[in-house]
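Residue-level structural notes
What follows is each chain in one-letter form.
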Amino acid sequence: MAVLLAIGLGLQLYFFRHYPQPPLFGDPAGYYNTGLRFREAAARLGAGEALAPVFASVRGLFYLLGVGTVFAVLDTVRPGGVGFFRDVMAVFNVAAMLGAFALARRLSGSFAGGIAALVLCAGYATFSVQTGRLYPDPITSALLVWAAALYADAVGLGSARRMAAAGALLGLALIVRAQVLEYMVAVTVLVLAVTAGAWARSGNGRRLVLALLLGLAPALCLWAGIRWAVGPRDDVVRMGQVTFRPSYPFGFWQQLETDGWTGPYRFKQDPFYRAMEARARAGESDLLRSRARQALFTVRYVAARPRESLLLVLDNAYRLYDRPANDYKWDYPYPYAAQVTVHRIVVVLGVAGAAWFAAEQPALAGVFLVPLALAVLHGLVFPWPRYNVPAMPILLASAGALLARIALWRPWREPRTRRRVLTVAAPAAATLLLAWALRARLPEAARVGHALGLLLVLALPFVSIALAGGRRRATAWMAGGVLALLFAAHVARDRRWHETTTRLGGDVAGVEQTIRLSPESLGRLRAAPEAFVVFDLTVPRGDLQGATVEVGDRSFPGGALVPTIPRLRESTATGGRDRRAYPQWWALRLDPAVLPASAAAPLRVRLTVPAGSEATLRGDRFAGQDRDYEGPSLGDWPHYAALKIEYDGDYRTPVRVPLASVGTTSAVLLSSGERVALAGVHRVRVVVPGTNEGWLDWESGSVGPKGGVLVWAAYTGTRGEAELRPAGASTLRFPLGAREDFDVSADGWRLCYRAEPPRQDRAYGEYVLFAPPPRAAGPLPLRVSYRAGLSQEPMFFVIDRRASSADLVHAARRCGVTGNVVDGAARIADAAHNNYPEDTGRWSVSAVY
């Protein structure tokens, strides 16, 4: 036991010192700052300041009293010592491991069960990789698993003292993780009320329940005091913690239109709120002021989407325990794919163990109240696995206890038991093998077979438990049925089930995509203002410099491919991960000259990498692959979510878009020179963006018959290239966001730019336009336009009407002008589209080929 605990602690300490660790940010930074405020308040009291003003300075933060106190104490011991904070959290993780040992030993009735749980805990990567974020989860994990262990002891021994201790630890855990306190108390009261017929019949049952409530009472009294103290003031909401006082009813309905993920939306911007706002404008004026009316509107909103709502709730609950918390996807202490497999096995065994032990002694079902309650909470509210870390030590203990029980179970020695289990295992293996064999020819049938095979695999531990008969059979079928329902809902909502991967490098030197176009689609693509060839790639080092891209008969260096991931405020970037290494679309602007001369010839695209390089290209194989693109979004707003990176390493939500092409064939190019055709299609597409152009129209002052020099000042940003189009003249191309001087010319026109120091962090400077003699004297119409490409980053060209005449004349002199100058921006004609994306809207997908 000591060796396993030492291994668990040693892995964490090694990880903290040899892997990149993030600084304090997000919620933990808020907890830390709250702790500093509490420390300051304590110091002010100690200095003799009156209680009333000190209390008023922090009372809006009392919702975070538990976690804030923890950070205050840690900072008192080691001020600013973030590394020390992590080491302390690692000790709490070890305490959670020890609690899992104690719980598993009690559930299994053997020392072997505790050791089995410790083996699972010692190699559980989340203890290391997630602790670096400095959430209080290690503390709540330790408190909750020890509360569960004491509860199990109390049930087994009939000890009111241990039950009271279990209630006290549960209350303390909830004070530390106060966001779920009221929910968990409500669930506890509801469960006690529903099961009152069982425990109220015996004196021992009543005594234990009373002890549990007495143990929980101090935390409830403290929380009541906090509620009273905070009152209408709630500083926590201003910190971004909306759990305690949300602006309006929130839950899964906010994610119905975003595939279960909160994308770039924020409160009061998501489709649910927009619909509520529209209803209020339509005549229900009290809707935005009445909680009761908002609740009724929410019920109607959900009722109008019954299938989507049900599937989303089930899928949210499934995702909570689908994979380990590992925001950075570190391969530590073993590959991430193996971590996911181990985690899923632990969860299935943990649920099966819950069924086994609850059947033996129904009161032990209370051990698993927290994991079950969190699953329900996530189903109804959260689309990402927010709180699975505190529940996992309980499931690890249950899984270890079950393994020990099964290993020592006598019926396993009977041939009849082994034959019954084999009747499930053999069809599972056969179905999975058949699905694997059919995946290329019959992808939909293979999908069904794969799901059925996995369901049979999931059924194995529950079938084993059901063989014991009695109550074990009923609880096994119940728990297995719930797990199967969650899995089936996840499969039904999965829009990336047909994803394939091709690893470039080694034997595979490159890939080829052939896109067939109809005459109409070719004409539309040729006439498109802008188009891009995109590749769904993962580039481990974010470097494609040695690669080669061929489009039609033109060749481009790999460095011409640009990653398109929006600059999201994702927390995982803080861990040192290069954003270019995420799965994302890499884009190359399509030159219309490389398109085939007629629809008789296809558009051919190739990507090759040199020896020693590597990349992963994704693709798809499903029946409608020539009619539709279905897969991760192309980066268009709002089909991406920063939080999704933490869940599965991909920020893009899945979409389905009809293809404008008539067919696609794909192949891999082997290093031996052989070309091998594929049944599926690579995610190599041509995208035409829409709503991504901005422009500004204006007129200069009067220009004489001999031409003139126009001068104006403007703010520009933040990147890209713009076009200046004087009426009836050639186009002058120039950079946006320029911080240095430039000079461009074409057909007698010359644009000279003189950069000034940035103003309000925006590029600023004067533009001097040398205009040749006009056809007719008078004001000269001018237009600046630009396209955002596949980017969400701002672009703008804003003329400064307040620029001083002296500065404009000085800029003209710096450009070589000796005579008079003309006001280059005398009248603005159209300024409604000169700021992307605020004025124009973010880019959308116009067509995909």
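What this report covers is the structure whose coordinates are included nearby. (Residues numbered from 1 in each chain as written. Predicted model: local features only at pLDDT ≥ 70, side-chain atom pairs only at ≥ 80, totals over all residues. Heavy atoms only, no water.)

Thoughts on the pairing of strand 5 (residues 554-557)
Summarising the sheet, strand 4 (residues 548-551) and strand 5 pair through four bridges and their orientation is antiparallel. Residue pairing in the sheet places Thr548 in a bridge with Pro557 of strand 5. With antiparallel pairing between neighbouring strands as the criterion, strand 4 and strand 5 make up a hairpin whose turn holds two residues, including Gly552 at a positive phi of roughly 60°. (Pairing = 2+ DSSP bridges. Helix = DSSP H or I, 4+ residues; strand = E, 2+ residues; numbered from the N terminus.)

Points about the state of the cysteines
Tallied over the entire structure, the rule returns one disulfide. Across the disulfide, Cys752 is cross-linked to Cys815 (sulfur-sulfur distance 1.9 Å). In this structure, the disulfide formed by Cys752 and Cys815 twists by about -80° around the S-S bond and is classed as left-handed. Here Cys752, found in strand 21 (residues 749-759), pairs with Cys815, found in the loop between helix 25 (805-814) and strand 25 (822-823); they are 63 residues apart in sequence, far enough to count as distant. Here Cys752 matches Cys815 in class, with each residue buried. (Disulfide = S-S within 2.5 Å. Buried < 20%, exposed > 50% of the residue type's maximum accessible area, 1.4 Å probe, protein only.)

Some thoughts on the sheet that holds strand 18 (residues 721-724)
Taken together, five strands build an open sheet; the order of strands is 19-18-23-16-26 and the sheet is antiparallel. The sheet terminates laterally at strand 19 (732-735) and strand 26 (827-833), the two strands that pair on one side only. Neighbour-to-neighbour, the strand axes of the sheet open up by a mean angle of 20°, direction not taken into account. Bridge count between strand 18 and strand 19: four bridges; the pairing is antiparallel. If you follow Ala722 over to strand 19, its bridge partner there is Phe734. (Axes fitted to C-alpha atoms, helices over the stretch in contact; angles between N-to-C directions.)

Points about the pattern of salt bridges
One pass over the full model with this rule turns up 49 salt bridges. Asp153 is the salt-bridge partner of Arg162, the closest N and O atoms lying 3.0 Å from each other. Arg827 serves as the salt-bridge partner of Glu699, at 3.4 Å between the closest nitrogen and oxygen. Taken together, the residues span a long stretch of sequence, with Glu699 in strand 16 (residues 693-703) and Arg827 in strand 26 at a distance of 128 residues. Residues participating in the shared-partner salt-bridge network are Arg496, Glu499, Asp536, Arg618, Asp620, Asp650, Arg652 and Arg683. (Salt bridge = Lys/Arg side-chain N within 4 Å of Asp/Glu carboxyl O.)

Section: the packing of aromatic side chains
Under the definition given, this model contains 37 aromatic pairs. Ring centres of Trp261 and Tyr647 lie 5.5 Å apart, and the angle between their planes is 50°; this geometry places the pair in the tilted category. Of this pair, Trp261 sits in the loop between helix 13 (235-238) and helix 14 (271-281) while Tyr647 sits in helix 24 (residues 642-648), placing them 386 residues apart in sequence. Comparing Trp261 with Tyr647 shows no difference in burial state: the two are buried. Taken together, the aromatic side chains of Trp698, Trp712, Phe734, Phe742, Tyr753, Tyr767 and Phe797 make up a single cluster linked through ring pairs. The cationic tip of Arg305 hangs over the ring face of Tyr301; the distance from NZ or CZ to the ring centre is 3.7 Å. (Phe/Tyr/Trp six-rings, centres within 6.5 Å; stacked < 30°, edge-to-face > 60°. Lys NZ or Arg CZ within 6 Å of the ring centre and 35° of its normal.)

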